[in-house]
Amino acid sequence: MTKRVSGCLLIALVSTAATPALAQTGLRLTHDDLQKRANGVLALMSFSIVPDITTSSLSIGSGGGSTSGSSDFFMTQLGGGDTLSDSVPIYLEGVLAASRYDPTFIATQGAESRRIPTKWNSISATGGIGWDFKLTDELKLRPIFNFALGNVSSDLRAASWYVGRKTGRDVDFLDRGSLNAYGLGGSVMLDYEHYRPGYEVDVELRYSDIRLQSFSSSAAVRGKAVAQSANLWARYRAPTGMMLLQRPLRYVLELTHSEFLGDQRGVLGFDRLTSVGAGLELDSSAYNVVITRTRLVGRYVFGTNVSGFSVGLAVSF
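Caption draft 1: Local environment of the packing of aromatic side chains. On inspection of all chains with the given rule, the structure shows five aromatic pairs. Seen in terms of ring centroids, Phe145 and Phe147 are 6.0 Å apart; in terms of plane orientation they differ by 40 degrees. Their pairing is tilted. Arranged with centres 6.0 Å apart and planes meeting at 20 degrees, the rings of Tyr199 and Tyr236 form a pair that is stacked. Residue Tyr199 is located in strand β10 (residues 199-215), and its partner Tyr236 is located in strand β11 (residues 224-244); the two are separated by 37 residues in the primary sequence. In this structure Tyr199 comes out as partly exposed when scored by relative accessible area, which is 31%.

Spelled out as structure tokens, the structure:
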């Protein structure tokens, strides 16, 4: 059995420019705006539940609503997948992701207003099981059933004393609230593997559609999102001419392009992302160790109003 496991670490800056909410009776946030922000976090979760290199690095600029100032968005992702064997062509995949988003809301009471900084933490897990249908010696068709589970929790970092009992239920989610979501759907993939002694080429074309729905969540927020995307991924590996650990040290080149559809399209200010990457792969298969290959790749991701850089680490067993 061969298994590939990879992980990516992301640190990105999410900036928001906003106008204060209109004066209202009592201290409260507009429910529509809070719901939009909660749906936005659910949308961020929808980006993380589908294996996709392009969504591992984001630098987002947006505005509007009753948030103000700068917000940090931090996400880590660990995932992998492979076919059990040629004789048992069952494909298994899994992705774990955790993120933190710190929006700042504006609450009003008549002519008085105050910023309410919050902390939203998200964690999600996605699994997939599929079957490889061999079209040629190098090309496979792979339908996959996917399932996902996630949670977004919120805590006020300050100003709880100011909010007090004057708030309506709209602020309940900000103060120790929770949004749970599950997802069901599927993917279909074309997998092309062209391996030669002097080089290796991998190309995957994938379409994914996973529907997220909230459940057992705080009364103030309900939501759903569609994680729908089409992705093209290609990798080229070849020897550098150097020998390490009795095996050739390979260089790695990657290209990935993703088109976001459905609810994901434009929700973060872009419709598509492209990633280019380069790195090195160390082969340790000459030794009696569990890890046979280790790959380190730096990637630059770009799209409309979006850019970012990440470093990915992958190992093969």
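From this point, the narrative continues.
Caption draft 2: Up close: the environment of Met243. With respect to the element layout, Met243 can be found in strand β11. By relative accessible area, Met243 is classed as exposed at 52%. Sequence separation between Met243 and Asp283 is 40 residues; the distance between their C-alpha atoms is 9.5 Å.

Caption draft 3: Layout of unusual backbone geometry. Positioned with a positive phi, Leu245 is a non-glycine residue whose angle comes to about 55 degrees. The residue Leu245 is located in the loop between β11 and β12 (247-261) in this model. The backbone phi angle of Gln246 is positive, close to 65 degrees, even though this residue is not glycine. Checked against the element boundaries, Gln246 lands in the loop between β11 and β12.

Cut-offs and rules
- Residues numbered from 1 in each chain as written.
- Predicted model: local features only at pLDDT ≥ 70, side-chain atom pairs only at ≥ 80, totals over all residues.
- Heavy atoms only, no water.
- Phe/Tyr/Trp six-rings, centres within 6.5 Å; stacked < 30°, edge-to-face > 60°.
- Helix = DSSP H or I, 4+ residues; strand = E, 2+ residues; numbered from the N terminus.
- Buried < 20%, exposed > 50% of the residue type's maximum accessible area, 1.4 Å probe, protein only.

Take it as geometry only, folks, not as evidence of what the structure does.
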